[in-house]
Amino acid sequence: MEAGDCIFLAHHGGGQDVQDIVHQTRATFESLKKTLASVGATLNDVVQLNYYIKNTADFRKGADVFYEYFNNGAPARTTVVTDFIGPTCLCQMDGIAYKPQM
């Protein structure tokens, strides 16, 4: 959803066919990229992300995936440990991107 120069990204996930936090985190980033591309934005426009994970033990492995997608440092972020309705879901993300209208 766009509101002025902000793009609000909600409930992104993916890769739930494989029970691996790295796989699911990468799939989630790919989902975010597709949504952003649909409104002319990229991950470089993301200013804030919330990273929701199911298992505390997965934190480091999942967080390390951020380095694959953000070459100049990740945006402001928070990691929250929570449970999900889908039994195979290990992570989800939501966030905000900023893309000035020209």
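Residues numbered from 1 in each chain as written. Predicted model: local features only at pLDDT ≥ 70, side-chain atom pairs only at ≥ 80, totals over all residues. Heavy atoms only, no water.

J.: Just to check I follow, could you spell out the overall build of the chain for this structure?
T.: If you tally the helices and strands in the chain, you get three helices and five strands. Ordered by position in the sequence, the α and β elements of the chain form the string β-β-α-β-α-α-β-β. Its C-alpha atoms put the chain at 45 × 25 × 20 Å along the principal axes. When the 102 residues of the chain are sorted by exposure, 36% land in the buried category. Here the contacts in the chain between residues at least 6 apart in sequence split such that 77% fall between residues at least 24 apart. As displayed, the chain offers around 5800 Å² of accessible surface, 54% of which is attributable to carbon and sulfur atoms. (Helix = DSSP H or I, 4+ residues; strand = E, 2+ residues; numbered from the N terminus. Buried < 20%, exposed > 50% of the residue type's maximum accessible area, 1.4 Å probe, protein only. Contact = heavy atoms within 4.5 Å. Areas by Shrake-Rupley, 256 points an atom, 1.4 Å probe, with all protein chains shown as cover.)

J.: When you look at the pairing of strand β5 (residues 91–98) in this model, what are you seeing that I'm missing?
T.: The pairing of strand β2 (residues 6–12) with β5 spans five bridges and is antiparallel. Pairing of C6 across the sheet is with Y98, part of β5. Sheet topology places strand β3 (residues 46–53) next to β5; seven bridges connect them, and they run antiparallel. Note that in β5 the partner of Q48 across the bridge is I96. (Pairing = 2+ DSSP bridges.)

J.: Even after reading the chapter, I still don't get the environment of R77, so can you show me in this structure?
T.: Among the secondary structure elements, R77 is positioned in strand β4 (residues 76–81). In this structure, the C-alpha to C-alpha distance between R77 and D94, residues 17 residues apart in sequence, is 10.0 Å. Once residues within four sequence positions are removed from consideration, R77 is found in contact with L49, A63 and F66.

J.: Please clarify how unusual backbone geometry should be interpreted in this entry.
T.: For residues other than glycine, phi is negative in most cases, and the peptide bonds are mostly trans. For H11, which is not glycine, the phi dihedral falls at a positive 50 degrees. Along the polypeptide, H11 turns up in strand β2. What makes H11 exposed here is its relative accessible area of 68%.

J.: Would you explain the packing of aromatic side chains in this entry?
T.: Any pair of aromatic rings gets described here by the distance separating the centres and the angle formed by the planes. Enumeration over the complete set of coordinates arrives at five aromatic pairs. Through a chain of ring-to-ring contacts, the aromatic side chains of F29, Y51, F66, Y69 and F70 assemble into a single cluster. The ring of F66 has R77 lying over it, and the distance from NZ or CZ to the ring centre is 4.2 Å. (Phe/Tyr/Trp six-rings, centres within 6.5 Å; stacked < 30°, edge-to-face > 60°. Lys NZ or Arg CZ within 6 Å of the ring centre and 35° of its normal.)

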